[in-house]
Amino acid sequence: LPTVFQKAAKVISIIEENQYEAYFVGGCVRDYIIGRPIHDVDIASSALPSEIQNIFPKVIPVGLEHGTVIVRYEQESFEVTTYRTEGVYTDHRRPDEVYFVRNIEEDLKRRDFTMNAIAMDAKGEMLDPFYGREDIVSERIQTVGDAAERFKEDALRIIRALRFSSQLGFSIEGHTKKAMKHYKGLIDKLAVERLTVELEKLCAGSFFKKAVDYIFELEIYHHLPIFNDEPLLLKELEPVASLAPVFAFVALKRSSITVTDCIKAYKCSNQLKQQASNLVDAYHHYKKDGINAWFVYQWPRDHWDHFTYLVKQIDKDIIDIKEIYSIYEGLPILSKKDLCVNGHDLMRWFPERPKGKWIKELLDQIEYHIVISGLANEKSKIKEWIQWNLPVQD
Ligand code: ATP
Ligand code: MG
């Protein structure tokens, strides 16, 4: 077994020594079979959360109502979830209840797609009652059980099928595809936050274009907020790992849509809103003044990749990020904190002036000129500069 599984395999063995079962399940088994990098390892067990708590000294109850705990073992964390089935989804949002079961097959049966319904034990033996491996080899996305039933139960699976197609490049099997088209209207009833999580992954997939083709073929864009009015924007997008540049792109391409509209429609965080608005502002700055020192100074480093993405999407211009880095390397200061003068200095130099907003305005100007026009960040030079530039007081 690859190293990512080895530590977790010990956790499984300990659970087994205590007369319960435990398996690797879900995305990690799928990605292992495909040969993709594995990001997190999930364990399913016949033991109840309380029973897991009796086995390991350190267990963090993170989602007891869903049967999920985190086991701390040798300084690492492992998510262990009790085998469960799900009750009905009367409101199409979340299952009303979950039921713990003692049989792994029951647990695998509630999972969305055959490729996600394979269990693997600590020795690497697979349990694959729905022939997920065959579907993986054939690069096929297919629901576990009747597709119509599964999408009626939880319409998020329709979007998940698209996001897996985008991530893996797999095709959607015929019955599954037909049911997606038929039940897509149920997407409107989902809690939008769940949709947002999947949309972000969908936009990041290397085979995003393939997923977009499905979105058009099945006319699913009608059920994607914002894109329902502007579906063609989806065709113009290249894959990107965050919704911030996606929303900035939409807002810049369509004057009728703002970043705030997108954020509200998908109930995103204020942080994402800030990132998307910064990208829009940076784009306007770029169109007006190009990439100069002030641009590089103003926009945080973690924005530059998304910014160059945005310019490429909108203008087809390729900005070399190395160019931005070299301007960054040459910046005389990196933030206001680096200025060698402060408000007290200014007040001392101009004792006749009463305290007021001139201080902040002057500091802003000093900052700007140091960054952009070669004013040295030295007390004497700044004082001299001020004497020439200080607006007269009335
Ligand atoms: P990723 O690598 O992106 O995390 P994943 O397959 O692990 O992919 P998750 O969303 O983390 O996807 O879900 C973990 C597992 O839980 C899935 O593999 C699947 O078996 C099951 N699952 C998740 N969401 C659903 C759902 N809405 N309906 C049925 N099964 C689901
Ligand atoms: Mg996962």
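Residues numbered from 1 in each chain as written. Chains lettered and ligands numbered in written order. Predicted model: local features only at pLDDT ≥ 70, side-chain atom pairs only at ≥ 80, totals over all residues.

Peer 1: Tell me about the overall build of the protein chain, and name the residues and values.
Peer 2: If you tally the helices and strands in the protein chain, you get 20 helices and 11 strands. Computed over its C-alpha atoms, the radius of gyration of the protein chain comes to 28 Å, more than 25% above the 21 Å expected for a compact globule of 394 residues. Projected onto the principal axes, the alpha-carbon positions of the protein chain cover approximately 85 × 50 × 35 Å. In the protein chain, the share of contacts with a sequence separation of at least 24, taken over all contacts with a separation of at least 6, comes to 60%. (Helix = DSSP H or I, 4+ residues; strand = E, 2+ residues; numbered from the N terminus. Rg over C-alpha atoms; globule rule 2.2 N^0.38 Å. Contact = placed C-beta atoms within 7 Å.)

Peer 1: Mind laying out the site of ligand 1, listing which residues take part and the relevant values?
Peer 2: Around ligand 1, the neighbouring residues are Gly26, Gly27, Arg111, Asp112, Asn116, Ala117, Asp154, Leu156 and Arg157. Residue composition of the shell around ligand 1, by class: 2 nonpolar, 3 polar and 4 charged. A domain-level breakdown of the shell around ligand 1 finds at least three residues from each of domain 1 (1–138) and domain 2 (140–227). (Near = placed C-beta within 6 Å. Nonpolar A, V, L, I, M, F, W, Y, C, P; charged D, E, K, R; others polar. Domains from an automatic or database assignment.)

Peer 1: Could you give an account of the sheet that holds strand 2 (residues 42–45), naming the residues involved and the relevant values?
Peer 2: Strand order in the open sheet formed by 7 strands is 3-4-5-2-1-8-9, with mixed pairing between adjacent strands. Strand pairing shows two members of the sheet lacking a second neighbour, strand 3 (59–63) and strand 9 (126–127), which therefore form its edges. One ladder, built from 4 bridges, connects strand 2 with strand 5 (residues 76–82); its direction is parallel. Across the sheet, residue Ser45 finds its bridge partner in strand 5, namely Thr82. (Pairing = 2+ DSSP bridges.)

Peer 1: Quick one: what's the story with the UniProt feature "binding site: CTP" (unreviewed entry) in the protein chain, residue by residue and with numbers?
Peer 2: Taking the numbering used here, the UniProt-annotated feature "binding site: CTP" (unreviewed entry) corresponds to Gly27, Arg30, Arg111, Asp154, Arg157, Arg160 and Arg163. Within the secondary structure layout, Asp154 lies in the loop between helix 6 (147–153) and helix 7 (156–168). By the secondary structure assignment, Arg157 is in helix 7. Under the C-beta neighbour-count criterion, Arg157 is labelled buried, with 24 such atoms within 10 Å. (UniProt positions renumbered as here; feature names shortened; annotations may be inferred. Buried ≥ 20, exposed ≤ 12 C-beta atoms within 10 Å, placed from the backbone.)

Peer 1: Mind laying out the domain arrangement of the protein chain, listing which residues take part and the relevant values?
Peer 2: In terms of domain boundaries, the protein chain breaks down into domain 1 (1–138), domain 2 (140–227), domain 3 (240–331) and domain 4 (336–389). Centre-to-centre, using C-alpha coordinates, domain 1 lies 61 Å away from domain 4.

Peer 1: How would you explain the environment of Tyr221 if you had to name every residue and give the values?
Peer 2: For Tyr221, the position within the fold is in the loop between helix 10 (208–217) and helix 11 (232–236). Residue Tyr221 is classed as buried on the basis of its C-beta count, with 20 C-beta atoms lying within 10 Å. Residues Tyr221 and Leu234, 13 residues apart in the sequence, show an inter-C-alpha distance of 8.9 Å. Beyond its immediate chain neighbours, meaning those up to four positions away, Tyr221 contacts Ile215, Phe216, Phe227, Asn228, Pro231 and Leu234.

Peer 1: Requested: an account of the packing of helix 12 (residues 243–253) against helix 14 (residues 270–289), with residues and values cited.
Peer 2: Remark: helix 12 packs on helix 14, axes separated minimally by 8 Å, with the N-to-C direction vectors making an angle of 50°. By the angle between their axes, helix 12 is oblique relative to helix 14. When you trace helix 12 past helix 14, the crossing you get is right-handed. For the pair helix 12 and helix 14, contact is made by Leu243, Ala244, Pro245, Phe247, Ala248, Ala251 and Leu252 and by Leu272, Gln275, Ala276, Leu279, Val280 and Tyr283, respectively. Of the residues belonging to the contact of helix 12 with helix 14, the class tally is 12 nonpolar, 1 polar and no charged. (Axes fitted to C-alpha atoms, helices over the stretch in contact; angles between N-to-C directions. Parallel < 35°, antiparallel > 145°, perpendicular 65-115°, else oblique. Left-handed = near helix turned anticlockwise from the far one by under 90°.)

Peer 1: Could you give me a rundown of helix 9 (residues 192–204), with the residues and numbers involved?
Peer 2: Working note: α-helix, 3.6 residues per turn, so residues spaced by three or four point in the same direction. In a regular helix each residue adds 1.5 Å, so 13 residues correspond to 18 Å; helix 9 covers 18 Å between its end C-alpha atoms and thus fits that length. The set of residues buried in helix 9 consists of Leu195, Thr196, Glu198, Leu199, Leu202 and Cys203. On its buried face, helix 9 sits against helix 7, helix 10 and helix 12. (Expected span 1.5 Å × (residues − 1).)

Peer 1: Account for the packing of helix 14 against helix 16 (residues 304–315), with residues named and values stated.
Peer 2: At a minimum axis distance of 10 Å, the contact between helix 14 and helix 16 shows a crossing angle of 60°. Between helix 14 and helix 16, the crossing angle belongs to the class labelled oblique. The interaxial crossing formed by helix 14 with helix 16 has right-handed handedness. Between helix 14 and helix 16, the contacting residues are Leu279, Ala282, Tyr283 and Tyr286 on the first element and His306, Phe307, Leu310 and Val311 on the second. Broken down by class, the residue content of the contact of helix 14 with helix 16 amounts to 7 nonpolar, 1 polar and no charged.

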